[in-house]
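Here are the chains, one letter per residue:
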Amino acid sequence: MCGIVGYTGKELALNPVLSGLRKLEYRGYDSAGIALALDSGEKLWVEKRAGKLGNLEEILGTKIPNSHSGIGHTRWATHGGPTDENAHPHLDNEGKLAVIHNGIIENYLELRAQLEKAGHKFKSETDSESVAHLLSDARKKHNGDLAAAMREACQQLRGSFTLLAIHSDEPGRIVGARRNSPLVVGVGDGENFLASDVSAFISHTKRALELGQDEVADITANTIVISNLAGKIQPHNEYEISWDASSAERGGFEHFMLKEIFEQPRAIADTLLGRITGLSEEITNRIDFKEIDKVVIVACGTAFNAGLVGKYAIEKWADIAVDVELASEYRYRDPSVDSRTLLIPISQSGETMDTLMALRYAKDKGAKVFAVCNTNGSTIPRESDAVLYTHAGPEIAVASTKAFETQLVAMYLMGLHLGRIRGTISETLLSQIEAELAELPAKVEQVLETVEPLRELTRNFSTASSMLFLGRHVGFPTALEGALKLKELAYMHAEGFAGGELKHGPIALIESGTPVVAIMPAAGSLLAEKMASNIQEVKARGAVVIAIADSELKAADFLVRIPSTHEFLQPVLAVVPLQVIAYEMAVARGNDVDQPRNLAKSVTVE
Ligand code: F6R
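Residues numbered from 1 in each chain as written. Predicted model: local features only at pLDDT ≥ 70, side-chain atom pairs only at ≥ 80, totals over all residues. Heavy atoms only, no water.

**Considering the overall build of the protein chain**
Looking only at helices and strands, the protein chain has 18 helices and 24 strands in total. The C-alpha radius of gyration of the protein chain comes to 25 Å, within 12% of the 25 Å expected for a compact globule of 606 residues. The principal-axis extent of the C-alpha atoms belonging to the protein chain is close to 75 × 55 × 40 Å. Counting all 606 residues of the protein chain, 62% fall into the buried class. Residue pairs in contact within the protein chain that sit at least 24 positions apart in sequence constitute 72% of those at least 6 positions apart. Approximately 22000 Å² of the protein chain is accessible, and the part contributed by carbon and sulfur atoms is 48%. The distance from the centre of the 61 positive side-chain charges to the centre of the 80 negative ones in the protein chain is 2 Å. (Helix = DSSP H or I, 4+ residues; strand = E, 2+ residues; numbered from the N terminus. Rg over C-alpha atoms; globule rule 2.2 N^0.38 Å. Buried < 20%, exposed > 50% of the residue type's maximum accessible area, 1.4 Å probe, protein only. Contact = heavy atoms within 4.5 Å. Areas by Shrake-Rupley, 256 points an atom, 1.4 Å probe, with all protein chains shown as cover. Lys, Arg positive; Asp, Glu negative; His and termini not counted. Charge placed at Lys NZ, Arg CZ, Asp CG, Glu CD.)

In structure tokens:
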């Protein structure tokens, strides 16, 4: 939801800013822009263009401006359409101060009216431009001190923001601030960075600093000063980034999504490492789990689907009530929550605004918060009592794949942990599941061997107008995830249903040739028989059935075989063919796989 990068240091700034933007483009691709402070102190060098970063790169030419500090922005439009004028950076009247912004300034209309009255000329329809004018006035008031100006401006802003600003009179200095939106500092050698996430600078440095809520970072090539809005210097927590630079590259793959699908065995193994027989005390000591009598999982999109699977596992193994809530609904319906509630927010980015706000709501009411997150140092883990980090590595494709797999694994680990401390899971079941968990990476690897024939099969359906997904038990949330992937990538109607619900309405959607993907429960189980009947019901009405099953299934028109596993763990295997179907359908329909239309990876607005 807008990517932001700032560079100051020994290199000519255009290259590190551009390469940072390439890494951040997954956050939004409605427009891109760069502002550089020229070493000569002349007026800022600014270029911006609507559309993807490639449009901006096309007009840049080969001449590299003589500048060692600059800022870059890639936009996901909220206020104002995706046009050149609305692209960031935004400038003050003199063209000497440039600002980039991620988030929403809620009181921008008020500010704009005041600033226009005072003579400021606006060029865009954005909420962000008001910050450039506000900062310009504040800087004058503070005798040219950009950091003091930023502190003052932030106190006048409502809403969420990450802001970076530069001024042509002070080449080499970048000032950033954050509230409810992400900003990390990259600590280099003779160079420093500010960015929405570490992928923008991991090829330069693995050292990063967390920035707290309402903090201002003032950086030059050799100095980093972090203060709060009152101007008090703040201590900061430096950490080592564990992701390596190559993990944010496409490798030999056509798309990031395909690469990430193939990275799933590794991601699962890394998330399981050292945790199968118990979570570390460093994590679990932070919450008294014996005091908990209810679990609430909050999340959005794919993470929500992982939470639904978590409900099946946690309720069964830990014998405790689990609600799974869409974060955007939860906080606005005044739910019952108290100090005996364990809230589990699930988030790949750790920055999703709806999930963060649900967390804050529950925390205010006394809930204990145990987050599942993939991004170290992001806001959700920082505001939680304990965190179970998933180790998916950077996920660049907008559609989530390996993060989902590791969120499922985190759900199982939590279910087992709660089952162990509550004494609700038998030793036999425990060791059976532990053994099956350990097998998952190899089994996902096996499923990946079916990818090529499945890609070919999928192409047969590329002109279908709709695709339905059926599942029962944990296969139901898996069906929801398959449908979500297809919608976002193939831009086609797709829905997931519980097999038992078919006859209550959705079966009316079936017509001759409708492709139906059936996720079969484990062979021999009672639910497998029920699903087999559901398959007959849709076939009798003309559906073409692609079954994902761990055994032969005559009724299916096409069969994708997956290895058998414990029934609760099956989504980890069954979702892989669903991801491949969505991927291939997007390719066949000529869609942008890694950056589907209208979407952004990290949704930091409500
Ligand atoms: C779908 C997808 C989204 C995210 C959702 C939550 O492929 O990626 O539905 O799962 O926006 O994002 P996080 O996990 O970052 O909170």
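**Here's the deal with the UniProt feature "domain: Glutamine amidotransferase type-2" (unreviewed entry) in the protein chain**
UniProt's entry tags residues 2–222 with the feature "domain: Glutamine amidotransferase type-2" (unreviewed entry), counted in the numbering of this structure. The annotated region residues 2–222 carries 24% helix and 33% strand content, and the separation between its end C-alpha atoms amounts to 27 Å. (UniProt positions renumbered as here; feature names shortened; annotations may be inferred.)

**Regarding the sheet that holds strand β12 (residues 215–219)**
Sheet strands line up and pair through hydrogen bonds in the backbone, either parallel or antiparallel. The six strands lie next to each other as β5-β6-β7-β8-β12-β13, forming an open sheet whose pairing is antiparallel. The open sheet has two free edges, formed respectively by β5 (90–91) and β13 (224–228), since each of these has just one partner strand. Contacting β5, β6 (97–105) and β7 (159–167), helix α4 (residues 129–141) crosses the sheet at an angle of about 130° to β6. (Pairing = 2+ DSSP bridges. Axes fitted to C-alpha atoms, helices over the stretch in contact; angles between N-to-C directions.)

**Notes on the site of the ligand**
Neighbouring residues of the ligand: 13 residues in total, closest S347, Q348, S349, T352 and E488. Here an oxygen atom of the ligand and a side-chain polar atom of S347 are 2.6 Å apart. Q348 places a main-chain nitrogen or oxygen 2.6 Å from an oxygen atom of the ligand. When the ligand is considered free in solution it has 410 Å² of accessible area, and contact with the protein chains removes 89% of it. Breaking the shell around the ligand down by element, the ones donating at least two residues are α9 (301–318) and α16 (475–490). Top element by residues in the shell around the ligand is α9. It accounts for three residues. (Near = heavy atom within 4 Å. Polar contact = N/O pair within 3.5 Å; in protein donor to acceptor, adjacent residues only side chain to side chain.)

**With respect to helix α11 (residues 353–364)**
Helix length check: α11 (twelve residues) gives 16 Å between terminal C-alpha atoms against 16 Å at 1.5 Å per residue, within 8%. Taken across its twelve residues, α11 has ten buried, putting it largely inside the fold. Within α11, burial applies to M353, D354, T355, L356, M357, A358, L359, R360, Y361 and A362. Buried positions along α11 lie against β7, β15 (294–299), α10 (327–330), β17 (341–347), β18 (368–373) and α12 (379–382). Backbone geometry just downstream of α11 places G366 in the positive-phi region, at approximately 100°. (Expected span 1.5 Å × (residues − 1).)

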